[in-house]
Amino acid sequence: MLSRTKHLLLPFSLHSLDDWLTTTLREGDDMEIFRRALVAAVTIMCCISIAASCFLALSYTMLKGPGDIRPLLPLALFVAQGAVTLVALNTILSGFSIDLFALVGALGIAWLGYTMVERTLSGAHFEGYALVLGTVGVLQGALTLVLFFWRLTKVGSSELTRTAH
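Residues numbered from 1 in each chain as written. Predicted model: local features only at pLDDT ≥ 70, side-chain atom pairs only at ≥ 80, totals over all residues. Heavy atoms only, no water.

### A word on the layout of surface pockets
- Size it by volume and the largest pocket reaches roughly 470 Å³.
- Lining the largest pocket are 18 residues, with P71, M116, E127, Y129 and A130 positioned closest to its centre.
- Elements that contribute at least two residues to the lining of the largest pocket include exactly helix 1 (2-64), helix 2 (73-90), helix 3 (96-122) and helix 4 (128-153).
- Broken down by element, the residue count for the lining of the largest pocket peaks at six residues, all from helix 3.
- Looking at the lining of the largest pocket, its residues break down into twelve nonpolar, four polar and two charged.
- Volume-wise, the second largest pocket comes out at about 200 Å³.
- L77, A80, Q81, V84, F101, V104, G105, G108, I109, W111 and L112 together form the lining of the second largest pocket.
- Taken together, the elements giving at least two residues each to the lining of the second largest pocket come down to helix 2 and helix 3.
- Looking at side-chain class alone, the lining of the second largest pocket contains eight nonpolar, three polar and no charged residues. (1 Å grid on protein atoms, 1.4 Å probe; cavity = no way out; pocket = protein on both sides within 12 Å on 5 of 7 lines; lining within 4 Å. Points joined across faces, edges and corners; volume = space filled by probe spheres on them. Helix = DSSP H or I, 4+ residues; strand = E, 2+ residues; numbered from the N terminus. Nonpolar A, V, L, I, M, F, W, Y, C, P; charged D, E, K, R; others polar.)

Shown next, in the form of structure tokens:
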């Protein structure tokens, strides 16, 4: 009786194994698609923040002159963090230190963006560029944190440690 039941369950077992393998392989493909989308999103956010920061720095310098550059320091941080992230994404040599540097920079840019948004919304003088750039900083920082934390938690060489193939 037991062997007969075993033979009756064999097609079900094979079907379950096939479903498990198909799901596992599909999830692997989904993770690759997610990784590529995340890399593209981080790259786009870095380019947007670098372009916006350069535009704002240029317009500030043209309007007020180069006498007081203190308001340009947050913009320089946006440019520096975006550049470090782009270098870390596209470097040939994978390194723990550059990924960690990008991760720390992402924390800093997310905090700076949050601070800009919070000050803009609670202040008496509303500055639209600070709201937009602060939101971009928060999004860039969050996406970069996810991507580089994911890369740093992978052990050994994997498809996540390199973005350019």
